[in-house]
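Summary of structural features
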Amino acid sequence: MANRYGQLFRTPGVTALALAGWVARLPSTMVGVGIITMLSLTRDSYSLAGSVAATLMLATALLTPQVSRLADRYGQSRVLPPATGIGALSLLALVLCSRLDAPHWTLYLCAAPAGCLPSIPAMTRARWAKLLEGQTLLPTAFALDSVLSEIAFVMGPPLSIGLCMAWFPEAGPLTAALLILFSVFALLRQKATEPPAHPATPGSGRSALFLRPVPVLALLMGTLGAIAGIIDVAAVAFAKAQGSPSAAGWVLALYALGSGIGGLAFGALKPALPLGRLLLCCCAATAASSVFIALAPNVFWLAAVMLLSGLSFAPTLIVAMEMVEKAVPRARLTESLTWLVTGILLGVAGGASLCGLTIDAYGARAGLNLTLAAGACALLIAAALPRAPSPKSAVEDAC
C-alpha cells in the first residue's frame, strides 16, 4: 500500500493539488444537508426541504455539464470564477429568503441559479489526468481523490448540521456559501495542473453524453446518488424520530468514512479483474447493504450499517471514472466526468424529493425502505454493462 501512494506523492505537484482539491470540495458537502436542516427547522416540512434541495440538485445537473464543457474549451481559469460567483450569490440569496420567512416560491427561485457552481470532482480529476498523463498511477490518484472526497463528506454534513443546530438555522448553508468563494479560488491557484483549453473542432459541439460508455455509467451513478439522497433526508427524520436529531450528521459521516476506507484500500490493492467485473462486484455489495439499511431498528444500527455500506461506494465511483478516462478523448474528459457526477446529483435530487414525500406520508421507516429499490437498480444496470470500455477510436459513436 505504502509503495503506490508513496510513488504518487513523490510526483511533483501532487500534494498541492490534493490539498487544494480537498479544500474546494468541502463546502459542497455542506450545502444539500444544510438546506434540508435549515428548512426542516424553519418551515417544519421535510417535503419542502427535500424539494428545495432537489431543485438545487436538478439545476446543478443541468448547468454543471455546460460549465465543464466551457472549461474544456476555454480553460478552468476563465470559466470557474464567473460560474462560482453566480452560484455562491444565489445560495446567499436562498439563505436570506429563509431568514426573512419569504414565500416558498422564492426558495426555489434562488436554488435554481445556485446550480452554476462548478463540479469540483470533475475539475480535480481532469487535473489529475493532466498531471499524471501516461503514468500508471492515475487509478491510485483517482482513489486518493475519492478518499479526499469522503473525508470532506465525513466533516461537511456534521459541520453543517452542527452549525444549524448550535448557532441559527441558516448557519450551515451560509458558511458553505462563503467557503465556496474562497476554496474555488484556492484551486485555481494550482496553475501547473490546469488542463489546456481545447478549441472547438468539427463534432465537438455534440454533448459528451453521447460518448460511450458515458450515458450508461451516468445512469448507474444515478442509482448510487438516489441512495445517498434517500439517506440524506431519511437520516435526519429517523434520528429526530429516535430523539437524537444531531446523530443524523454522524450517520452521514460514517457512510462517508466507510467509502473513504474502501477507496483507500482499492487504490492500494486494486484487484486484477476487468473493470466491468469489478463494477458488478461493487454494485452487488451496494445492493446487499441496502437490505440492512432498510431493516435498521435504531439510529445506532443505522450508523453501523452505513459504515459498512459505504465501503463499496468509492470503489464503484473509481471504476466508473477509470472506464470513462480510458474511453473518451482528452478534449472531452472534464465534461464526460461531469456527466457521471451529474448522474449522482440527479439521483440525489430524485431520492431526496421522493424520500421527503414518503416520510411526510408514511414516516421515517418508509423512507429508509426506498434504498432497496435503488440498490436493486444499481445491480441490474451493472449487470447490463459491457465488460470492457469502448476504445478511444470508437468513442464518437452514439449510444
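Residues numbered from 1 in each chain as written. Predicted model: local features only at pLDDT ≥ 70, side-chain atom pairs only at ≥ 80, totals over all residues. Heavy atoms only, no water.

Let us look at helix α10 (residues 214–241). For α10, built from 28 residues, the straight-helix expectation of 40 Å at 1.5 Å per residue is met to within 8% by its first-to-last C-alpha distance of 40 Å. The largest bend in α10 comes to about 30°, at Ala-234. Downstream of α10 by one or two residues, Gly-243 has phi in the positive range, about 85°. (Helix = DSSP H or I, 4+ residues; strand = E, 2+ residues; numbered from the N terminus. Expected span 1.5 Å × (residues − 1). Bend = angle between axes of the 7 residues up to and from the residue.)

Another aspect to go through is unusual backbone geometry. The residue Asp-101 is not glycine, and still its phi comes out positive at about 55°. One can find Asp-101 in the loop between α5 (76–99) and α6 (104–111).

Ile-35, Trp-128, Leu-217 and Leu-220 are the most contacted members of the largest nonpolar core, which has 128 residues in total. No other element matches the 17 residues that α10 contributes to this core. (Core = buried A, V, L, I, M, F, W, Y, C linked by side-chain atoms within 4.5 Å. Buried < 20%, exposed > 50% of the residue type's maximum accessible area, 1.4 Å probe, protein only.)

A few words on empty space enclosed by the protein. If a probe as big as a water molecule is rolled over the atoms, it shows which places are left empty. Taken as a whole, this structure holds two cavities of 30 Å³ or more when the rule is applied. In this model, the largest cavity occupies a volume close to 980 Å³. The wall of the largest cavity is formed by 42 residues, among which Ser-28, Thr-29, Met-57, Phe-153 and Leu-345 lie closest to the centre. Residue classes in the lining of the largest cavity are distributed as 28 nonpolar, ten polar and four charged. Put simply, the second largest cavity is a space of about 40 Å³. Along its surface, the second largest cavity is lined by Gly-32, Val-33, Ile-36, Ala-53, Met-57, Asp-232, Val-348 and Ala-352. Listing elements by their share of the lining of the second largest cavity, those giving two or more residues are α3 (28–42), α4 (46–74) and α15 (333–362). Partitioning the lining of the second largest cavity into residue classes produces six nonpolar, one polar and one charged. (1 Å grid on protein atoms, 1.4 Å probe; cavity = no way out; pocket = protein on both sides within 12 Å on 5 of 7 lines; lining within 4 Å. Points joined across faces, edges and corners; volume = space filled by probe spheres on them. Nonpolar A, V, L, I, M, F, W, Y, C, P; charged D, E, K, R; others polar.)

Glancing now at the packing of α10 against helix α16 (residues 364–384). Across the interface, α10 lies against α16 with an axial gap of 9 Å and an inter-helix angle of 165°. With respect to their mutual orientation, α10 and α16 come out roughly antiparallel. Crossing hand, α10 versus α16: left-handed. For the pair α10 and α16, contact is made by Val-216, Leu-219, Leu-220, Thr-223, Ala-226, Ile-227, Ile-230, Ile-231, Ala-234, Ala-237 and Phe-238 and by Ala-364, Arg-365, Gly-367, Leu-368, Leu-370, Thr-371, Ala-374, Gly-375, Cys-377, Ala-378, Ile-381 and Ala-382, respectively. (Axes fitted to C-alpha atoms, helices over the stretch in contact; angles between N-to-C directions. Parallel < 35°, antiparallel > 145°, perpendicular 65-115°, else oblique. Left-handed = near helix turned anticlockwise from the far one by under 90°. Contact = heavy atoms within 4.5 Å.)

This part is about the pattern of salt bridges. Should the charged atoms of two oppositely charged side chains come close, the side chains can pair. Counting across every chain of the model gives three salt bridges. Across the pair Asp-145 and Arg-125 runs a salt bridge, and its minimum N-O distance is 3.4 Å. Here Arg-125 lies in helix α7 (residues 120–131) and Asp-145 lies in helix α8 (residues 138–166), a separation of 20 residues in the sequence. Neither Asp-145 nor Arg-125 differs from the other in exposure class; each is buried. Three or more residues are tied together by salt bridges with common partners; here these are Arg-25, Arg-125 and Asp-145. (Salt bridge = Lys/Arg side-chain N within 4 Å of Asp/Glu carboxyl O.)

Structurally, the position occupied by Ser-289 is in helix α12 (residues 275–294). You can call Ser-289 buried: its relative accessible area is 11%. Of the polar contacts made by the side chain of Ser-289, one reaches the side chain of Ser-309; its length is 3.0 Å. Every residue in contact with Ser-289, bar those within four places of it in the chain, is listed here: Val-305 and Ser-309. (Polar contact = N/O pair within 3.5 Å; in protein donor to acceptor, adjacent residues only side chain to side chain.)

Attention now moves to the state of the cysteines. The final tally for this structure, using the stated rule, is zero disulfides. The closest cysteine sulfur to the non-disulfide-bonded Cys-116 is located on Cys-110, 13 Å from its own sulfur. Here Cys-116 falls in the buried class, since its relative accessible area comes to 16%. (Disulfide = S-S within 2.5 Å.)

The next subject is the packing of aromatic side chains. For the structure shown, the criterion picks out one aromatic pair. Relative to Phe-313, the ring of Tyr-255 lies with its centre 6.0 Å away and its plane at 65°, an arrangement referred to as edge-to-face. One end of the pair, Tyr-255, is in helix α11 (residues 247–268); the other, Phe-313, is in helix α14 (residues 313–327), with 58 residues separating them in the sequence. When sorted by exposure, Tyr-255 lands in the same class as Phe-313, which is buried. (Phe/Tyr/Trp six-rings, centres within 6.5 Å; stacked < 30°, edge-to-face > 60°.)

With that settled, consider the environment of Gly-85. Secondary-structure assignment places Gly-85 in helix α5. A residue is classified by how much of its surface remains accessible, and Gly-85, at 22% relative accessible area, is partly exposed. Each C-alpha atom, one on Gly-85 and one on Ala-114, is 9.3 Å from the other, the two residues being 29 residues apart in sequence.

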